[in-house]
Each structure stands twice: as structure tokens, then as C-alpha cells.
Amino acid sequence: MVQLVGSLRKELSDTLSTCKVLVVGAGGIGCELLKNLVLTGFKQIEVIDLDTIDVSNLNRQFLFQKKHVGKSKAQVAKESVLQFCPTVNITAYHDSIMNPEYNVEFFRKFMLVMNALDNRAARNHVNRMCLAADIPLIESGTAGYLGQVTVIKKGMTECYECQPKPTQKTFPGCTIRNTPSEPIHCIVWAKYLFNQLFGEEDADQEVSPDTADPEASWNPEDTPAHPTASEKDGDIKRISTKEWARSTGYDAVKLFNKLFKDDIKYLLTMDKLWKTRKAPTPLDWQQLKNSACPQEVSVGSGLKDQQVLGVWGLCQLFQHSVETLRSQLKEKGEAAELVWDKDDPPAMDFVTAAANLRMHIFSMNMKSRFDVKSMAGNIIPAIATTNAVIAGLIVLEGLKILSGELESCRTIFLNKCPSLRKKLLVPCILDPPSANCYVCASKPEVTVKLDVHKTTVLSLQDRILKERFGMVAPDVQIEDGKGTILISSEEGETETNNSKFLADFGIRNGSRLQVDDFLQDYTLLVNVLHTEELEKDVEFEVVGEAPDKAPPPQTNQEEVNSITNGNKDSAQPSTSSKAPAEDDDVMIVDSEEEEEEEEGASSSTAPTSGTKRKHPDAETGETSTKRPRTDQSSAAAAPADNDDDDDDIIALD
């Protein structure tokens, strides 16, 4: 007769009380997971999180209270759990899991690792550490009503990086500066403008008209209107935007006329841009003021943030935000800089006003402050019940692993609406490792297409190895028969190489680079494919990574309509409470929805091809079709430092 301790077999209960488990992340999923673990019977738990508690966490991260704001999430989560389960042994780390001290030996002391993370870089890192330590990993993610859980075991299942993830959406500079066609282009422009005026200037974030736009094929001497435009304050050739703004004392009206009248008139002189596009319409402050009527302040009803301001209302918001930000700069002193934050009201007001005014100029439907904040901050609304469901599934998969039943583990998808078989939870058999994976294959190898005469060593290190391939401290050796060290992780050893081009070291088409990351216990062979034909603003391409394709039509399933910003708006300004964001590896499984809300859930198994993949349903034996979502919205280009303070809000990495 089977002996039970509570609802568990005695052998499993004994295992739970002695095995060590690591929880990475103590936010939305992490809080629910810690509660589930201790109430299930786990006694030896370590939790790590770099974040501190923000007031916005309190509506769903129930281990935290108002008095905890500003304190370590991991530490407070530990203290809160001990209050209702004092016998458990919890170790909390207020630190980044990517720090070198959390090496392979650190991971080997655990029987199980559970991810509750909010960014792809950390997920990639933990994936590699668990592979190196040969420890089972349970990966999870939520986005709005969607979520999923999967198990990763070296040699048995796909790893987190077996299927390429869609890269974060970026936009060509000439589109942002000259020819925006979607609201997201205007929002990105407004964020760039904030930095140009009040923050750290970046040459890659210029906002003035781009005279080098290849599509314009523009010759100033051919256009009589150009001299008139260039003599005004908006002439982009004279001084930087920040210097000009300072010279005016950050006068809001002068700024307005430069950005929304003079610069737009300047764009109109590039007449080739407007042969197939609707030309923009310049705005004039005084004319708008004279023609403004009180009823035009806002459009729509509901919460203030979900209303869309009229043009003159936006002008007033622009003026007020500029004056407030000017005061903040003055208080900080000479040469001070502000940092844009979606939760800073003046900064958010500025971006809302500037972006919407530009949308109006380019004949787009304007957006509410709520919508602008969602797109500018890459926010997906967090739902407490989704986190709770996913945390419960993590523990159930963990119990299977600790019972020695790894073959019964599943990837489980949580859908917003029931599937064709009336299921919200759809389990799928785990896929085997991909033979072409550049992480978990027996001999990881990848081919990178780049221009050896234009790519610097620093770009190879930061943009390709660290940012694209997720390494922390790479060492690079050229396979040239001499063992030439191109990049060393030891500080100062190869810094003099940083500004040199790859061609300076004899690297050419067909060269091979041996790359090692000691911390991740990871080796990658990089084959260099030289080309001079990359698209504009593209530094490199990973060969074999085709762009996402639309899936083939499916039987008994409505087409999922993609929501694109700007192109398919209705005639009225948007007041939608939906928060569009880039789909971060989410898959829809047998969904019957006519139109899906654009949400992203972190997945370790999301394919990016348009092919169908079928697996028997774990419960019924029927075949279900897993289909990747391809209706990606245009998310705002944002830095990849993942500084968002909401653990269960996925930022588009």
C-alpha cells in the first residue's frame, strides 16, 4: 500500500524536504512560486533577484506591502514566506544571476532550477548554466492572459535557444526622421527627441530631417523652397538640437515651431519623398492658438489616460511638460542630464504630446496617453491569475522531475480562450534537442555574414557575441595557425584591438573564430562570411535565420488578424486599453479567436518558421497543431539593458 504524506507519496515528500532548488526571480511568477513551493513541502530553497520593490508591483506580487517599497525583492520575499512557514530554509540573494560568482559549481548544488525571469538575456544565461551543470531547468513566462511552462534537460529536450527568437524590432533612421508611417515611428522619434533635448545625446538618435535619405535623392539647389527653410531656426545643419534649445532657454513655443513647422517645411522640400506618400502638414503655434476651441481639448470618454487630446490640448501639454523638464534640468545644475522613464509624469507627458503632434502632421490617428505609454515602455499588462496558474504548473512539472518521471513532463500553454477541444491548458510533448542549435549541439557552430572592413573588434564583442549570442565574457582566438588572441576577457589585455577592423587581423571570407565563455562553460565556432551587400543600418546577419513567415492557412481556424500601429486604425483616435507589444516567443495553440490581443509570453520552444508542428495531446491522444504567432506589432526600439522593474512584464529584448 502506498504511504502518503498529505497528498504526496512518502518517498517524494522525503525528497522535497532534502533537495535544494533554485528560484531565479522573485517578481510576479516568483512570489506565487515561492508560496507554492513551501506549501508543497520544499524545505531547501534559494532565491535570487536583482530588483527592488516598486509600488506598481503591489497589485499582484502579494508577498510585498507598501512598507517594503525600495527594498530587495528576494530578501522581502524570504521574510514574508517565513512568516507563514517558519520551518523552511530559504537563502536570498539580492544580486544578478549573471554575476561570475554564480558559476557552474554554484548551479551543480541544486537538483532543480526554476526560472521566473523577465528578460531574454538572463534566460539565455541560466539555460547555458543549467546545460553546463546538467541540471533540469523549468522555464516559464506570462504575458497578459497567455503563459507557458516547459522543461529543459540536457540531451533530452530542446534548450531555451534551440529555436531562434524574433529579434527586437528596430526602424531605419530615415523612417523615423523623414517618413513615419505608423504611430510607433512617432513614439520612437519622441523618445529620441527627449534624449536630444534633456538627456544624453546619441548620434544614432537624431531627430532632425535626414538629408542623406537615399530614397529622397535630394539636391537642395533644385528646390527653391530650401533657402527659406534653412534660414529659420529649424535648420539642422547649424548646431545640435540641445545647443539650439539651450540658446532659446528651452522656449516651448520656439521648440514647437522648429520641430513641427520649420523641420516639416524642410521635409517638404525633399519632394521625391512625397510622390507616393501623403505629404505632412506643418503646424503653427499661433494659428492653432487662434483657432482653438474649448471643446477640442480631448476626444473620447473614460479614464483620463485613455482619452485622446485634441491638437491644441497636445500643444498645451507639450508646453507644460517642456517647462517642467526645464525646471528639473535647472535644479540638477550645469551639464545635467535627465533619463527618460515611462513612470515619470513630465517625461511621459512630453513623449505623449510630441508623438501625437507628429502623428497628426503625418495624417495618422492619434493615441491616448495609455496607448503611448504601453508602446513606449514595451508594456504587456500583468495579470495576477495568469502568474498563479503558471506558478502552479511549474511545481507540478517539478514534482514529475523529482519523482524520476522526466518522460512525462510537458510543455504546457495557457491560452486566453479555450481551444477547439474546450481547453485553456494545452500540454504538448517535449521536443528533442535541435541538431543545429548553436548552444546545446555537441559542437556548436554558427556562420555570421558581415563586412570585415567595417566591423570593429568592439562591435564583434558587444553587438555580436554579447548582445546577439548572449555571452558574458567571451575570449576569441583566430584559427590562423598562430593562435592569435583577438579578444580577451581579462581586463586590459586586448583593449587596444577594440577600434581596429577585423580585416586588420587578417580575418577574411572563410575565417574561423574560436569563441569561449569560461563562466558559461560554453564554446562556439564562428565562421565569417564576408559581404559588402548588407542592407542599410544592418551590421551583420546570422546565416540560416530567415525572417518570420506567415503560417499556412489552417483548417477550422479563423485567421488571426495582426494589429499594426497606424495602418489599420479606425477613423476615430484610439482609446484602446490593449497594450500592444512585440510577441516574445508566444505561440497560439488551437485558438478560435477572430482577433488576438498582441501579447508575448517567453517560450523556450517557440519555432520561428511558418511550418506546422504536430504532437499528440498528452491527455486525449489527439493531434494538436502548434502554430507560431507572427502578428508582431511594431514595438518601440528600446535599450537592451532590461531595466524594467516589473518582473512579470516582458520588455522587448
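Below or above, wherever it landed, is the structure these notes cover. Bear in mind the structure is a predicted one, so any value in this text is a computation, not a measurement.

## A closer look at the pairing of strand 13 (residues 445-450)
What you see with strand 13 is a clean split: V446, V448 and L450 sit on the buried side and E445, T447 and K449 on the side with no burial. The pairing of strand 13 with strand 17 (residues 522-530) spans 6 bridges and is classified as parallel. Bridge assignment links V446 to a residue of strand 17, and that residue is V526. Inspection of the sheet shows strand 13 paired to strand 18 (residues 540-542) by 3 bridges, in the antiparallel sense.

## Side note on a negative patch on the surface
Together, E200, E201, D202, D204, E243, E337 and D537 line one region of the surface with negative charge. Inspection of the secondary structure puts D202 in the loop between helix 7 (183-198) and helix 8 (225-230).

## Describing the sheet that holds strand 4 (residues 44-48)
The sheet built from 8 strands is open, its strands ordered 5-4-3-6-7-8-11-12 with mixed pairing. The sheet is open, and its two edges are formed by strand 5 (89-93) and strand 12 (425-429), each paired on a single side. Pairs of neighbouring strands in the sheet enclose a mean axial angle of 15°, with direction left out of account. As paired elements, strand 4 and strand 5 share 5 bridges and run parallel to each other. Note that in strand 5 the partner of E46 across the bridge is T91. The sheet strands contacting helix 5 (residues 120-133) are strand 3 (20-24), strand 6 (112-115), strand 7 (137-143) and strand 8 (146-152), and the helix crosses strand 7 at an angle near 165°. Against the sheet, helix 15 (residues 384-402) touches strand 6, strand 7, strand 8, strand 11 (410-414) and strand 12, its axis set at about 165° to strand 7.

## Considering helix 3 (residues 73-84)
With 12 residues, helix 3 ought to run about 16 Å at 1.5 Å a step, and its terminal C-alpha atoms sit 17 Å apart, in line with that. Buried residues along helix 3 sit in contact with helix 2 (28-40), strand 4 and strand 5. By the N-cap criterion, in which a side-chain oxygen at the helix start approaches the backbone nitrogen of a residue two or three places on, helix 3 is capped by S72, the distance to A74 being 3.4 Å.

Reading the values: rules and limits
Residues numbered from 1 in each chain as written. Predicted model: local features only at pLDDT ≥ 70, side-chain atom pairs only at ≥ 80, totals over all residues. Heavy atoms only, no water. Buried < 20%, exposed > 50% of the residue type's maximum accessible area, 1.4 Å probe, protein only. Helix = DSSP H or I, 4+ residues; strand = E, 2+ residues; numbered from the N terminus. Pairing = 2+ DSSP bridges. Patch = residues over 30% accessible without salt bridge, like charges linked within 9 Å, V, L, I, M, F, W, Y side chains within 5 Å. Areas by Shrake-Rupley, 256 points an atom, 1.4 Å probe, with all protein chains shown as cover. Salt bridge = Lys/Arg side-chain N within 4 Å of Asp/Glu carboxyl O. Lys, Arg positive; Asp, Glu negative; His and termini not counted. Charge placed at Lys NZ, Arg CZ, Asp CG, Glu CD. Axes fitted to C-alpha atoms, helices over the stretch in contact; angles between N-to-C directions. Contact = heavy atoms within 4.5 Å. Expected span 1.5 Å × (residues − 1). Polar contact = N/O pair within 3.5 Å; in protein donor to acceptor, adjacent residues only side chain to side chain.

Read these as spatial facts, not as claims about activity.
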